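Letter by letter, the chains look like this.
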Amino acid sequence: MRASLIQIAVDPDESVEDRRERAASLVVGQRGSDLVVLPELWPVGAFSYPLFEQEAEPLQGPTHEAMAKAAAEAGVWLHAGSFVERAPDGTLYNTALVFSPDGERSAVYRKIHRFGFDRGEAVMMGAGEELVTVTLPQTTLGLATCYDLRFPEQFRGLVDAGAETFVVAAGWPERRRAHWTLLARARAVENQAYVLALSTAGSHADVPQAGHSIVVDPLGEVLAEAGVGEEVLTVEFDPAKAGETREHFPALKDRRLGIAPPR
Ligand SMILES: NC(=O)CCC(=O)C(=O)O
């Protein structure tokens, strides 16, 4: 299976419309890949809080339209990263979309863990309430967005729902890059799953981005890692290795659920 992770630069000197057009043409350029991935909130930037209200779109807005078309034109499965969705009741969500190679939407994932503690996304957006998996011919994807990477229980839930390949779309900051790499490898090892973790390049809202998108196999080996700038990270991997790893070293079967808390 071939996956292409588009580590697009999000810089304030490019308009949302121009970046959307550029992202679509980068997707179309990946024809021949099975799966193409864009990062978190690439239209606005994950830390560009003042733009969230201004650039929010309905679910089937311009980003949805451009990405559906790009997926069909490239003939690829497309995880289109996330955008700021305005739901009909006015709530904003950090919403990721997945399209099939014929351009049909096959999944909507609203970020479950909102980042910012008492500011930014955490107070401006609603929280997703549902785990989301997507079954491709080659593997079952489990979806997560950025800060979700810090919450192992989400990934266990995705494993229980059949996921063998996690896609983590992020806008991770450079100053916590060491956590990014460590957590991506940890989620892969503990769940015996592939991790395709994609961040942005560039700098927005005075937050330099980590880049360093990374693909980790179910044994925790790094198959590919990007640099800090804009690039497309392409990797070939054998999705069957997740099932094989789980069979040969069946640690997931030794989980003890329902252990009593300390008295
Ligand atoms: N956009 C995010 O979720 C940022 C997460 C982050 O910076 C961190 O977990 O550290």
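Residues numbered from 1 in each chain as written. Predicted model: local features only at pLDDT ≥ 70, side-chain atom pairs only at ≥ 80, totals over all residues. Heavy atoms only, no water.

Enquirer: Help me out: how do you make sense of the sheet that holds strand β5 (residues 105–110) in this one?
Expert: Strand pairing in a sheet takes place through backbone hydrogen bonds and is either antiparallel or parallel in direction. In spatial order, the strands read β5-β4-β3-β2-β1-β14; together these six strands make up an open sheet with mixed pairing. Edge positions in the sheet fall to β5 and β14 (231–236), since each has one partner strand and no second. The average angle at which neighbouring strand axes cross in this sheet is 20°, direction not considered. Pairing analysis gives seven bridges linking strand β3 (residues 77–86) to strand β4 (residues 92–99), with the strands arranged antiparallel. Pairing of E85 across the sheet is with Y93, part of β4. Contacting β3, β4 and β5, helix α3 (residues 62–74) crosses the sheet at an angle of about 15° to β4. (Pairing = 2+ DSSP bridges. Helix = DSSP H or I, 4+ residues; strand = E, 2+ residues; numbered from the N terminus. Axes fitted to C-alpha atoms, helices over the stretch in contact; angles between N-to-C directions. Contact = heavy atoms within 4.5 Å.)

Enquirer: Quick question: what am I supposed to make of the pattern of salt bridges here?
Expert: Taken as a whole and assessed by the stated rule, the structure comprises 13 salt bridges. E14 serves as the salt-bridge partner of R19, at 3.0 Å between the closest nitrogen and oxygen. Taking relative accessible area as the criterion, R19 reaches 2% and is therefore assigned buried. Put simply, E121 and K111 hold a salt bridge, and the shortest N to O gap is 2.9 Å. Note that E121 is positioned in helix α4 (residues 121–124) and K111 in the loop between β5 and α4, a separation of ten residues in sequence. Across this residue pair, the class does not change: E121 and K111 are buried. Counted as one network, the salt bridges with shared partners bring together E14, R19, R22 and E230. (Salt bridge = Lys/Arg side-chain N within 4 Å of Asp/Glu carboxyl O. Buried < 20%, exposed > 50% of the residue type's maximum accessible area, 1.4 Å probe, protein only.)

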